[in-house]
Amino acid sequence: MLAGCRILVVEDEALVAETIRDLLTEAEGVPVGPAATISEARRLIKESPSLNAALLDVNLGDGLCDPCTGGPERTGRPDRGLHG
C-alpha cells in the first residue's frame, strides 16, 4: 500500500510510536524515527531529505511540533498532525 514511502514519525509516547511504526511497516512503508522531541524531529528531517510524508504528534513534551517541520508549504512534503 505505501510501497517504500519514507514517513517521519514524531511521537513522544513510546507505545503509540511503536504502534505507528508497526502499522507503517505492515503497509510496506519505511518509518523514519520515531522522534520524541522537536530537536530529534528537526535532526531527522535534515538527515532524511527523501521523506515522503510525516505523522506528527502536535503536542510533544517540549512544545508544539508544527514549528519543527515548517509545514508542507515550506518543505513541499505532506504532513498530518495527530491530536490525542
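(A) Region of the structure containing helix H2 (residues 38-47). Residues of H2 that are buried include every one of Ile38, Ala41, Leu44 and Ile45, and no others. The arc that holds every buried residue of H2, seen down its axis, measures 125 degrees, which confines them to one face. Among the exposed residues of H2, those pointing more than 90 degrees away from its buried face are Ser39, Lys46 and Glu47.

(B) Inspection of the pattern of salt bridges at higher detail. For the structure shown, the criterion picks out two salt bridges. Across the pair arginine 21 and glutamate 18 runs a salt bridge, and its minimum N-O distance is 4.0 Å. One end of the pair, arginine 21, and the other, glutamate 18, are both in helix H1 (residues 14-26), three residues apart, so they sit about a helical turn from each other. For glutamate 47, the salt bridge is made with arginine 43, and the minimal N-O distance between the two is 3.0 Å. One end of the pair, glutamate 47, and the other, arginine 43, are both in helix H2, four residues apart, so they sit about a helical turn from each other.

Reading the values: the criteria
- Residues numbered from 1 in each chain as written.
- Predicted model: local features only at pLDDT ≥ 70, side-chain atom pairs only at ≥ 80, totals over all residues.
- Heavy atoms only, no water.
- Buried < 20%, exposed > 50% of the residue type's maximum accessible area, 1.4 Å probe, protein only.
- Helix = DSSP H or I, 4+ residues; strand = E, 2+ residues; numbered from the N terminus.
- Arc of directions from axis to C-beta.
- Salt bridge = Lys/Arg side-chain N within 4 Å of Asp/Glu carboxyl O.

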